[in-house]
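Listed below are the residues making up each chain.
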Amino acid sequence: MCVTAPANPKGKIRPPRTPMPEQAPSVRAHNFNEVALGYTPGMALTEASRCLQCKKPACVKGCPVGINIPGFIAALSAGDTRRAYAIIRQTNSLPAVCGRVCPQESQCESACILGKKGDPVAIGRLERYVADTFMADGACEEITGAPTCPAGQENTRVACIGAGPASLTVAGTLAAQGIGVDVYEALHEPGGVLVYGIPEFRLPKAVVRREVEAMKALGVRFFINWVAGRTVTIEELLEKKYKAIFIGVGAGLPVFLNIPGENLIGVFSANEYLTRVNLGRAYTFPDWDTPVYPGQRVVVFGAGNVALDAARTAARLGAERVSIVYRRSENEMPARREEIHHAKEEGIELLCLHAPLSFNGDAKGRLASVVLQKMRLGEPDASGRCRPLACEGDYCELQTDMAIVAVGTRANPLLPQTTPGLRINDRGYILADTEKGETTIPNVFAGGDIVTGAATVISAMGAGRRAAAEIAQRLLA
Amino acid sequence: MPNVIVRKRRLIPGQTSELVIAAPHIAAKAKPGNFIILRVCPQGERIPLTIADADAAAGTITIVYLVLGKTTAHLETLEEGDAILDLCGPLGKPTEITKQNGPVICVGGGTGIAAMHHIAKGHHQAGNYVVGIIGARTRDLLLFEEELGRVCDTVLVSTDDGSHGRKGLVTQLLEERLQADTGIAEVLAIGPVPMMAAVAAVAGRYGVRCMVSLNSIMLDGIGMCGACRVHVGGETRFACVDGPEFDGNLVDFHELSQRLTAFKPMERLSYEEFTKHHVCHCSR
């Protein structure tokens, strides 16, 4: 087949968007290795050459942390990967992560001018290439530049609560400016959702560890197994030594379906299922101790990226059949298109226009089946998506031994409950200034899912970046 | 060094030990009813254990465990001077302790007796009259009788075989006490699920509130996963953040005991793999 590439304004033939090499679906459906293998140097250069180097780059506006995208692509094209990395690091503390899990198709790439007539530049893949290439070399400070003043000065320390994307961004941004940062994490590994939530096959934990190590090299200290609100309170941290505190604890609590039979053995929250497999490495059981049994006939409720992660994980653990049950149609699924595509390739079934009514169990309290209500689409609702309506009297029963509930999360009340003066909205999320991220307590900032409700890694990082800018300004003034 | 075991006491050789651990930041905050989550090795599972005692001044917490699976078996191989890899806490809501007009009865069974110790101590310090009721199958399996004696005004003991104290179950001792004293303010129970269910039922018959401390399966212990959920009064509650103590007459003990079996075959496999590769230290 002959593909005619569009010509750029200078009349040069523009190659088509470079596909990402991937593990074959039949192979990857049985392992936890990363699906996307990453560009080779040749592919990266070819893809980089597609960039028009716009004078007023729309892509940068599409990036929640405002990466100088044409700048890093130009450096890459010129063969200077280190400079490309340094440019990305100016505004993004976690490039290897973002290159993998950002929804570029609705951010930078959706704004790319090439996308108007053809395929946009694969910005995310290039970001990943640059980050991976550089990080393979090690030495982080060399590229990010030495801190402007020695890191870790006791009189300017900042505490970050939680070690997920928002907090890591604050930590990385401040540390690069010479401000000492201590990160308090409740779990035993830093990374937050990057470690407990996003599976190895989408984001290898080694990548997260490298990003964390890079921060340690900048002087960031990590205190694991510290539960803010329990082990230490915000008040105590403020009294102690910290000039500012950033709260980035995520939207931790799982939402259940609230239907009969939900506490049967075999019904998991996506949080539990994914935490067992990702943080606990249950896919290596019994080499690692945390157990999760393989479901044979697995049903996943929800249609976001978390639901897809859970479904694809279940398939890898050996399920015979995995179905994603969603009350609307595929068009309304909030997950990334790329992930839906990957899941279907791996044999995941989409059971759209069905909603769960009840779970049935056996005598031992184990899940045996789920009753589903058939649905149809009505008029669009306030969100613009078609409203799902029940087809009264039209039910079906599905035999299943594992159900994973991935219909969202809500705010963890622990910090607000233990922090006098920290105000929350009616849904329990922390009230914070939209620009600076400051909460109702002076010098206490918040950002990410605990402010906005469940969103993306990059939007949490954007919030972290804004808060860090404000904190730096106050401390370095 | 944090999390170092400063004292180890083998309470029942090979089965149950007490560890006093240097953990100043947890000790400073630990209240009766709180628990910790620990991991012993980098590949290890997170398991919850109730704090049996805390000494803020010394910066130590005390835990008592029964060797039941791989993690506790591994824990049992640690000696004084060794450190516990991960120790997180204090978690869960503390016991509600207020000055009561009547006596408070603390019922403990198995390692739950040690867990009950911290709560009995709290009530004692609040100035309450504390009756301890503890039971085990046989005398050699009875823990913490002496320790409880220091914080209880009365300690009543039962063993299934009559080798120590009254022959029978803790519920019989409880029932007699409830019959004899109509002014009992509250009953608390920690122990095996059937024991807690039976204690709650007895207390319920006498119209006395009975709080029980649930030992659900937990993963994070901070409300993220819902593994520990159980119906309480018809509503799903998380033992880790809403509890671990709930009104025993509202807890669905049947559901709780079923949920505790969720990973039994895998737990057994993990334990067998471990015992195959490790020398038993019980006879040391």
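Residues numbered from 1 in each chain as written. Chains lettered and ligands numbered in written order. Predicted model: local features only at pLDDT ≥ 70, side-chain atom pairs only at ≥ 80, totals over all residues. Heavy atoms only, no water.

K.L.:
An account of the overall build of chain A is needed here, citing residue identities and associated values.
P.N.:
Check the secondary structure of chain A and you find 19 helices and 15 strands. Taking 2.2 N^0.38 as the reference for a compact globule, 477 residues should give roughly 23 Å; the C-alpha atoms of chain A span a radius of gyration of 23 Å, in line with that estimate. Summarising its shape, the C-alpha atoms of chain A cover approximately 65 × 65 × 50 Å along the three principal directions. When burial is assessed residue by residue, chain A has 58% of its 477 residues classed as buried. Long-range pairs, those at least 24 residues apart, make up 69% of the contacts in chain A with a sequence separation of at least 6. As presented, chain A carries roughly 18900 Å² of accessible surface, and 54% of it is formed by carbon and sulfur atoms. (Helix = DSSP H or I, 4+ residues; strand = E, 2+ residues; numbered from the N terminus. Rg over C-alpha atoms; globule rule 2.2 N^0.38 Å. Buried < 20%, exposed > 50% of the residue type's maximum accessible area, 1.4 Å probe, protein only. Contact = heavy atoms within 4.5 Å. Areas by Shrake-Rupley, 256 points an atom, 1.4 Å probe, with all protein chains shown as cover.)

K.L.:
Help me get a handle on the overall build of chain B, residues and values and all.
P.N.:
Summing up its helical and strand segments, chain B has eight helices and 15 strands in all. Here the C-alpha radius of gyration of chain B, 18 Å, is about what a compact globule of 284 residues would show, namely 19 Å. Taken along its principal axes, the extent of the C-alpha atoms in chain B is 55 × 40 × 40 Å. Across the 284 residues in chain B, those meeting the buried criterion constitute 58%. Within the structure as shown, chain B displays about 11200 Å² of accessible surface, and the carbon and sulfur contribution to it stands at 52%.

K.L.:
Let's hear about the sheet that holds strand β6 (residues 267-269) of chain A: which residues, and what values?
P.N.:
Residues and elements named next belong to chain A. With parallel pairing, five strands are arranged side by side in an open sheet as β6-β13-β7-β8-β9. This sheet does not close on itself; its edge strands, each paired only once, are β6 and β9 (349-352). Averaged over all adjacent pairs, the angle separating strand axes in this sheet is 25°, with direction ignored. Where strand β8 (residues 321-326) and β9 come together, four bridges link them in parallel fashion. When the sheet's bridge partners are listed, S323 is paired in β9 with E349. (Pairing = 2+ DSSP bridges. Axes fitted to C-alpha atoms, helices over the stretch in contact; angles between N-to-C directions.)

K.L.:
Can you break down the side chain of T91 of chain A residue by residue, with the values?
P.N.:
All names here are of chain A. Among the structural elements, T91 can be located in helix α5 (residues 81-91). Residue class for T91 comes out buried when judged on its relative accessible area of 15%. Those residues in contact with T91 that sit more than four places away from it in its chain are V65, G66, I67 and R465.

K.L.:
Report on the confidence of the model for chain A, specifying residues and quantitative values.
P.N.:
Interpretation of the predicted coordinates at a detailed level should be avoided for regions scoring low in pLDDT. Residues and elements named next belong to chain A. With 93% of its residues at a pLDDT of 70 or more, chain A shows a mean pLDDT of 90. Across residues 1-7, where pLDDT falls below 50, the model places eight contacts with residues more than four positions away in sequence or in other chains. Low confidence marks residues 137-152, where pLDDT is under 50. Its contacts with residues over four positions away, or in another chain, come to 33 contacts. (pLDDT = per-residue confidence, 0-100.)

K.L.:
Break down the sheet that holds strand β3 (residues 221-224) of chain A for me, citing the residues and quoting the values.
P.N.:
Residue and element names in this part refer to chain A. Sheet architecture is open: five strands sit in the order β3-β2-β1-β4-β15, paired in parallel fashion. Both outer strands of the open sheet, β3 and β15 (444-446), are each paired with one neighbouring strand and no more. The mean angle between the axes of side-by-side strands here comes to 20°, regardless of whether they run parallel or antiparallel. With four bridges joining them, strand β1 (residues 158-161) and strand β2 (residues 181-185) adopt parallel strand pairing. Across the sheet, the residue bridging to V158 is V181, located in β2. Packing of helix α19 (residues 457-476) onto the sheet brings it into contact with β1, β4 (244-247) and β15, and relative to β15 it is tilted by some 160°.

K.L.:
Lay out the nonpolar core with the relevant residues and their values.
P.N.:
In this structure, F72 of chain A together with V107, V187 and L214 of chain B are the most contacted members of the largest nonpolar core, which totals 157 residues. Once you skip the residues sitting within four places of it in the chain, V107 of chain B turns out to touch M116, I133, V170, L174, V187, L188, A189, I190, M195 and V199 of chain B. Among the nonpolar cores identified, the runner-up in size contains 25 residues, and V64, I113, A114 and C152 of chain B belong to it. (Core = buried A, V, L, I, M, F, W, Y, C linked by side-chain atoms within 4.5 Å.)

K.L.:
Got a sec to walk through the packing of helix α2 (residues 70-77) of chain B against helix α8 (residues 264-277) of chain B? Specific residues and values, please.
P.N.:
Residue and element names in this part refer to chain B. Between α2 and α8, the shortest axis-to-axis distance is 8 Å and the interhelical angle comes to 30°. The angle between the axes of α2 and α8 places the two elements in the roughly parallel class. Two secondary-structure elements touch here, α2 through K70, A73, H74 and T77 and α8 through S270, Y271 and F274. Of the residues contributing to the contact of α2 with α8, the split by class is three nonpolar, three polar and one charged. (Parallel < 35°, antiparallel > 145°, perpendicular 65-115°, else oblique. Nonpolar A, V, L, I, M, F, W, Y, C, P; charged D, E, K, R; others polar.)

K.L.:
Any chance you could break down empty space enclosed by the protein for me, citing the residues and the numbers?
P.N.:
Here the structure, examined in full by the defined rule, presents four cavities of 30 Å³ or more. Estimated volume of the largest cavity: approximately 110 Å³. Contributing to the lining of the largest cavity are 15 residues, with C63, I67, C102, C108 and E127 of chain A lying nearest its centre. Every element with two or more residues in the lining of the largest cavity is listed here: α4 (69-77) and α8 (123-137) of chain A. Space inside the second largest cavity adds up to approximately 90 Å³. Along the walls of the second largest cavity sit I265, G266, V267, F268, E272 and Y293 of chain A together with I217, A227, R259, A262 and F263 of chain B, which together make up its complete lining. When its residues are assigned to classes, the lining of the second largest cavity shows eight nonpolar, one polar and two charged. (1 Å grid on protein atoms, 1.4 Å probe; cavity = no way out; pocket = protein on both sides within 12 Å on 5 of 7 lines; lining within 4 Å. Points joined across faces, edges and corners; volume = space filled by probe spheres on them.)

K.L.:
An account of the packing of aromatic side chains is requested, with residue identities and associated values reported.
P.N.:
Considering all chains together, one arrives at 13 aromatic pairs over all chains under this definition. When the ring of F256 of chain A is compared with that of F238 of chain B, the centres are 6.2 Å apart and the planes differ by 90°; the resulting orientation is edge-to-face. With F256 of chain A in the loop between β5 (253-254) and β6 and F238 of chain B in strand β14 (residues 235-238), this residue pair bridges two chains. Under the relative-accessibility criterion, F256 of chain A is labelled buried at 16%. A connected cluster of aromatic rings, assembled from ring pairs, spans Y184, F223, W226 and Y242 of chain A. It is R316 of chain A that lies over the ring of F201 of chain A; its NZ or CZ is 3.8 Å from the centre. (Phe/Tyr/Trp six-rings, centres within 6.5 Å; stacked < 30°, edge-to-face > 60°. Lys NZ or Arg CZ within 6 Å of the ring centre and 35° of its normal.)

K.L.:
Now, about unusual backbone geometry: what can you tell me, with residues and values included?
P.N.:
Note that the residue after G89 of chain B, namely P90 of chain B, is joined by a cis bond; omega there is -5°. Topologically, P90 of chain B is positioned in strand β6 (residues 86-91). A positive phi angle, near 65°, is found at N225 of chain A, a position not held by glycine. Position of N225 of chain A relative to the elements: it lies in the loop between β3 and α13 (234-240). With relative accessibility at 6%, the residue N225 of chain A sits in the buried group. A positive phi angle is found at F144 of chain B, which is not glycine, with a value near 55°. One can find F144 of chain B in the loop between β8 (130-136) and α4 (145-151).

K.L.:
So, the interface of chain A and chain B: which residues are in play, and what are the values?
P.N.:
Quoted interface sizes are often the accessible area lost when the parts come together. Tallying the contact residues gives 42 residues for chain A and 42 residues for chain B. Here chain A meets chain B over a buried area of about 3700 Å², counting both sides, of which 57% is carbon and sulfur. When the buried surface of chain A facing chain B is broken down by residue, R230, N263 and D289 of chain A rank first, second and third, together holding 22% of it. Taking the shortest distance from any N to any O, the salt bridge between D289 of chain A and K70 of chain B comes out at 3.0 Å. Inspection of the chain A/chain B interface yields 22 residue pairs in polar contact (both at pLDDT 80 or more). Contributing elements (two or more residues each) for the side of chain A that touches chain B: β5, β6 and α14 (270-278) of chain A. (Buried area = accessible area lost by both parts, 1.4 Å probe. Salt bridge = Lys/Arg side-chain N within 4 Å of Asp/Glu carboxyl O. Polar contact = N/O pair within 3.5 Å; in protein donor to acceptor, adjacent residues only side chain to side chain.)

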